[in-house]
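Below, each chain spelled out in residue letters.
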Amino acid sequence: MSDTVVRQLDDVRRRILGACSRSERDPDSVELIAVSKTFPVADIRDAMGCGQRLFGESRLQEATPKVEGLPADLEWHFIGRVQRNKVRKILPLFPFVHAVDSLKLACHIDAVAGEMGMRPKVFLQVNQAGELSKGGFDPGELETAMDAIRGFRHVETVGLMTIPPAVEDPEESRAWFSGLRQLRDDLSQRFSMDLPFLSMGMSGDFEIAIEEGASHVRVGSSIFGNREYKVPGELG
Ligand SMILES: *Cc1c(COP(=O)(O)O)cnc(C)c1O
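In this text, all values refer to a predicted model and were calculated from it rather than measured experimentally. (Residues numbered from 1 in each chain as written. Predicted model: local features only at pLDDT ≥ 70, side-chain atom pairs only at ≥ 80, totals over all residues. Heavy atoms only, no water.)

**A few points about the overall build of the protein chain**
Within the protein chain, the secondary structure is distributed over 9 helices and 8 strands. Taking 236 residues into account, the globule formula puts the C-alpha radius of gyration at 18 Å, and the protein chain, at 17 Å, falls close to it. For the protein chain, the spread of C-alpha atoms along the principal axes amounts to about 50 × 40 × 30 Å. Within the protein chain, contacts between residues separated by at least 24 positions form 61% of all contacts whose residues are at least 6 apart in sequence. Working note: accessible area of the protein chain is about 11200 Å², and carbon and sulfur atoms make up 48% of it. Where the 29 positive side-chain charges of the protein chain centre and where its 36 negative ones centre are 5 Å apart. (Helix = DSSP H or I, 4+ residues; strand = E, 2+ residues; numbered from the N terminus. Rg over C-alpha atoms; globule rule 2.2 N^0.38 Å. Contact = heavy atoms within 4.5 Å. Areas by Shrake-Rupley, 256 points an atom, 1.4 Å probe, with all protein chains shown as cover. Lys, Arg positive; Asp, Glu negative; His and termini not counted. Charge placed at Lys NZ, Arg CZ, Asp CG, Glu CD.)

So this is what it looks like as structure tokens:
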């Protein structure tokens, strides 16, 4: 057992509690997703030993043996870009899909989930800064898309997700996080929909995301260490 993961996970948890206390939030309203992409099963087991239950992966091929080989009481979150032809394999492994980035994809997931008798929980990814390198709905187009998405019967739209532009000082991300919360509040009111979750905040900025209302933070390197290789088509 490596005490590095244990120590770092503990430190992340303490920082989450600090952010909750600063913003007067109930710590139970914030979920930590340990992003284990590129890291071995042994590291996941170390985190499990400390009671960690939510894990995030972004590539189906890498994730499949991990999910299938570990105890079934873990909760897996697919946080990577979703390829259409992989949906059928993603759904049975991952009850949560974070990066649903177009109406077409949402529609396809709804159809596949219907055929398979499943009901995945999905986050709609928002590309707030309009970055070409990233997927996601344009905030303006989300309203139109939501009108269709709320009619889907086999996906449960639980909230919004964002990956803001890379910055040196995490304070610069604050406005993107509060903007996502505002967008969620607007959509929720406009469509009388419950959109309880906001998936935002990574190693560099999760405390700020929590102060701005994150329900799910996706933290990899602060728990497991630096990744030795990049996942194709991903940041970090
Ligand atoms: C890799 C990844 C993370 C975790 O990034 P860290 O900076 O290592 O915490 C979070 N979200 C997404 C979508 C990722 O691809």
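**Re the packing of aromatic side chains**
Scanning the entire structure with this criterion turns up 4 aromatic pairs. Look at Phe 78 and Phe 94: their rings are 5.0 Å apart centre to centre, the planes differ by 80°, and that puts the pair in the edge-to-face class. Of this pair, Phe 78 sits in strand S3 (residues 75–78) while Phe 94 sits in the loop between helix H4 (87–93) and strand S4 (96–100), and the two are 16 residues apart along the sequence. On the accessibility criterion, Phe 78 (2% relative accessible area) is buried. (Phe/Tyr/Trp six-rings, centres within 6.5 Å; stacked < 30°, edge-to-face > 60°. Buried < 20%, exposed > 50% of the residue type's maximum accessible area, 1.4 Å probe, protein only.)

**Here we look at the pattern of salt bridges**
Counted by the stated rule, this structure contains 18 salt bridges. With a shortest N-O distance of 2.9 Å, Asp 11 and Arg 14 are connected by a salt bridge. With Asp 11 and Arg 14 both in helix H1 (residues 3–22) and 3 residues apart, this pair spans about one turn of that helix. Classification of Asp 11 as partly exposed rests on a relative accessible area of 29%. Among the ionic pairs, Arg 88 bridges to Glu 115, the shortest N-O distance being 3.1 Å. Of the two residues, Arg 88 sits in helix H4 while Glu 115 sits in helix H5 (residues 103–116), which places them 27 residues apart along the sequence. Each of Arg 22, Glu 171, Arg 174, Arg 181, Glu 211 and Glu 212 takes part in a single network of salt bridges with overlapping partners. (Salt bridge = Lys/Arg side-chain N within 4 Å of Asp/Glu carboxyl O.)

**Looking at the confidence of the model for the protein chain**
Parts of the model with low pLDDT should not have their predicted coordinates read in detail. With 96% of its residues at a pLDDT of at least 70, the protein chain reaches an overall mean of 96. Put simply, helix H6 (residues 139–149) is where the protein chain has its lowest mean pLDDT, 95, and strand S1 (residues 31–35) is where it has its highest, 99. (pLDDT = per-residue confidence, 0-100.)

**Regarding unusual backbone geometry**
Non-glycine residue Glu 24 carries a positive phi angle of around 55°. Topologically, Glu 24 is positioned in the loop between H1 and S1. Since its relative accessible area comes to 76%, Glu 24 is described here as exposed. In this structure, Ser 192 takes a positive phi of about 45° despite not being glycine. Mapped onto the elements of the fold, Ser 192 is located in the loop between helix H7 (174–190) and strand S7 (197–199).

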